[in-house]
Amino acid sequence: MERLATTYLGLQLKNPIIVGSSPLTSSLDKLKKCEDAGAGAVVVKSIFEEQIDSDAGRMMAGTDEYNTHADAQDFLLNSSRNYYIDAYLSLVEQATEALEIPVIASVNCRSKGSWLDYVQRFADVGADALELNHFILPSDAKIDGETLREEYFDVVKSARKAFKLPLAIKISSQFTALANVIKQFDKMGVDGLVLFNRFYQPDIDIEKLAIKPSITLSNPHDYTLALQWTALTSAYLNCDICASTGIHTSDTVVKMLLSGAKAVQVCSALMLHGHAHIGTMLEGLVKWMDRHDAASFVDFRGKLAQKRMEDPSHWERAQYMKSLNVEF
Ligand SMILES: Cc1cc2nc3c(=O)[nH]c(=O)nc-3n(C[C@H](O)[C@H](O)[C@H](O)COP(=O)(O)O)c2cc1C
């Protein structure tokens, strides 16, 4: 459907629905399933710098004879690291060969660390772009906001210098002066911003009085934060915005496009309703475009972005003032 074509990170997408980095994109079969269901692009499940390092560390544990030999230690650590990196690169390579839609690799990094050494290899194996999933939980009361911000900027600047692949950063909304941070990323030359990531948060088992793992999927009302920030920033940026979190219906896709997004990412909706839901969302999008005589996204994308509104204050409202109160 030419009518749904969009560009994102300089890539041609047949439609704006991207399957986000998640268990839905963790193997070749699963990636293929996303393409078969009609996705416009896929973001491969992230490779985690933290996991590579901790698995390498675990592998070393108990191997006393190695611990006394620095050379052997380095060798073992590097072998373990290389094993994970090679496996991930091989998945990306197979995916780019098997799929016709763009394949975006994803790195989760903690700092401008060892991942920069292998990131160029993503281009060598044919990845169409790289999504950097970078988040520092601001839980250390000794570290102030300025220091954390600089750390993010450092990572993005280093990434931008290290390779030429199109680069998107997937961020959280947890920044002081978010608009300023977004503008800084844009100035650093990123090609896209994914607004926003949704993170794992632990839960409590009240019978065992213990922490329990929890996977809570988003719900269809969770989209408004991404919508507001897409609308507030899209028309002021050179880079593309890909909206993410809480995108479950075609109506929400339309809203994201109206606020200026080039594409959207979906995960929870597919986990809840299955891959066929991509088709349902695309059908709904086409029906809306028919109703509004839109031949392509050019006719309406960004129409309701803040910069283009007669009264820009609509997107700035954060308090439930009297006029917004409804009777309960
Ligand atoms: C089980 C699970 C695993 C995820 N793994 C990753 C990951 O490896 N890398 C990443 O960038 N995002 C990851 N995400 C976040 C999703 O890509 C997405 O940003 C988030 O779920 C919000 O989108 P949604 O509302 O459509 O689910 C994961 C989400 C879930 C639920």
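Structure: see above.
Note that this is a predicted model, so its numbers are computed, not measured.

Calculation notes
Residues numbered from 1 in each chain as written. Predicted model: local features only at pLDDT ≥ 70, side-chain atom pairs only at ≥ 80, totals over all residues. Helix = DSSP H or I, 4+ residues; strand = E, 2+ residues; numbered from the N terminus. Contact = placed C-beta atoms within 7 Å. Axes fitted to C-alpha atoms, helices over the stretch in contact; angles between N-to-C directions. Parallel < 35°, antiparallel > 145°, perpendicular 65-115°, else oblique. Left-handed = near helix turned anticlockwise from the far one by under 90°. Nonpolar A, V, L, I, M, F, W, Y, C, P; charged D, E, K, R; others polar. Buried ≥ 20, exposed ≤ 12 C-beta atoms within 10 Å, placed from the backbone. Arc of directions from axis to C-beta. Near = placed C-beta within 6 Å. Pairing = 2+ DSSP bridges. Right-handed = clockwise from strand over helix to strand, strands pointing away.

Participant: Can you lay out the overall build of the protein chain for me, pointing to particular residues and giving the numbers?
Facilitator: Of the regular secondary structure elements, the protein chain holds twelve helices and 13 strands. For the protein chain, the spread of C-alpha atoms along the three principal axes comes to 70 × 45 × 45 Å. Counting contacts in the protein chain only where the partners sit at least 6 residues apart, residues at least 24 apart contribute 70% of the total.

Participant: So what's going on with the packing of helix H10 (residues 250-258) against helix H12 (residues 277-291)? Residues and values would help.
Facilitator: Where H10 contacts H12, the axes come no closer than 8 Å and their chain directions differ by 60°. Between H10 and H12, the angle falls in the class oblique. In this structure, H10 crosses over H12, and the sense of that crossing is right-handed. Contact with H10, carried on its side by Ser-250, Asp-251, Val-253 and Val-254, involves Met-281, Gly-284, Leu-285 and Trp-288 of H12 and no other residues of that element. Among the residues making up the contact of H10 with H12, the classes are represented as five nonpolar, two polar and one charged.

Participant: Hey, could you go over helix H1 (residues 28-36) for me, with residue numbers and the actual values?
Facilitator: Of all the residues in H1, the buried ones are Leu-31, Cys-34 and Glu-35. Looking straight down H1, one finds that the buried residues subtend no more than 100° of arc, so they occupy a single side. In H1, the exposed positions that point more than 90 degrees away from the buried face belong to Asp-29 and Asp-36. Note on H1: the residue one or two positions beyond its end, Gly-38, has a positive phi of about 110°.

Participant: Talk me through the site of the ligand; I want residue IDs and the actual numbers.
Facilitator: Taken together, 23 residues surround the ligand, and among them Gly-20, Asn-133, Ser-218, Cys-267 and Ser-268 come closest. Among the residues forming the shell around the ligand, the class breakdown is seven nonpolar, 13 polar and three charged.

Participant: Please set out the environment of Glu-151 residue by residue, giving values where relevant.
Facilitator: Tracing the sequence through the fold places Glu-151 in helix H7 (residues 145-162). Put simply, Glu-151 and Tyr-118 are 33 residues apart on the chain and 20 Å apart in space, counted from C-alpha to C-alpha.

Participant: Report on the environment of Phe-135, specifying residues and quantitative values.
Facilitator: Examined against the element boundaries, Phe-135 turns out to sit in the loop between strand E7 (129-134) and H7. Note: C-alpha distance between Phe-135 and Cys-109 (26 residues apart in sequence) is 7.8 Å. Leaving out residues up to four positions away in the same chain, Phe-135 has contacts with Ser-172, Asn-197 and Phe-199.

Participant: Summarise unusual backbone geometry; cite the residues concerned and give the values.
Facilitator: Most peptide bonds are trans, and most residues other than glycine sit at a negative phi. Phe-196 follows Leu-195 through a cis peptide bond whose omega is 0°. Its place among the elements puts Phe-196 in the loop between strand E9 (192-195) and strand E10 (203-205). At Thr-245, a residue that is not glycine, the phi angle is positive and equals roughly 95°. Its place among the elements puts Thr-245 in the loop between strand E12 (240-244) and H10. The buried category is assigned to Thr-245, around which 24 C-beta atoms lie within 10 Å.

Participant: Tell me about the pairing of strand E8 (residues 167-171), and name the residues and values.
Facilitator: Each regular strand shows side chains that alternate between the opposite faces of the sheet. For E8, the tally of buried residues reaches five of five residues, placing the bulk of the element in the interior. Residues Leu-167, Ile-169 and Ile-171 point to one face of E8 and Ala-168 and Lys-170 to the other, with burial holding for every one of them. In terms of strand pairing, E7 meets E8 through four bridges, oriented parallel. Across the sheet, Leu-130 pairs through a bridge with Leu-167, a residue of E8. Note on the crossover from E7 through H7 to E8: the handedness is right-handed. Both E8 and E9 contribute to a ladder of four bridges, which runs parallel. Paired with Lys-170 across the strands is Val-194, a residue of E9. Each parallel crossover has a hand, and for E8 linked through helix H8 (residues 178-187) to E9 it is right-handed.

Remember, this is a structural readout, not a statement about activity or role.
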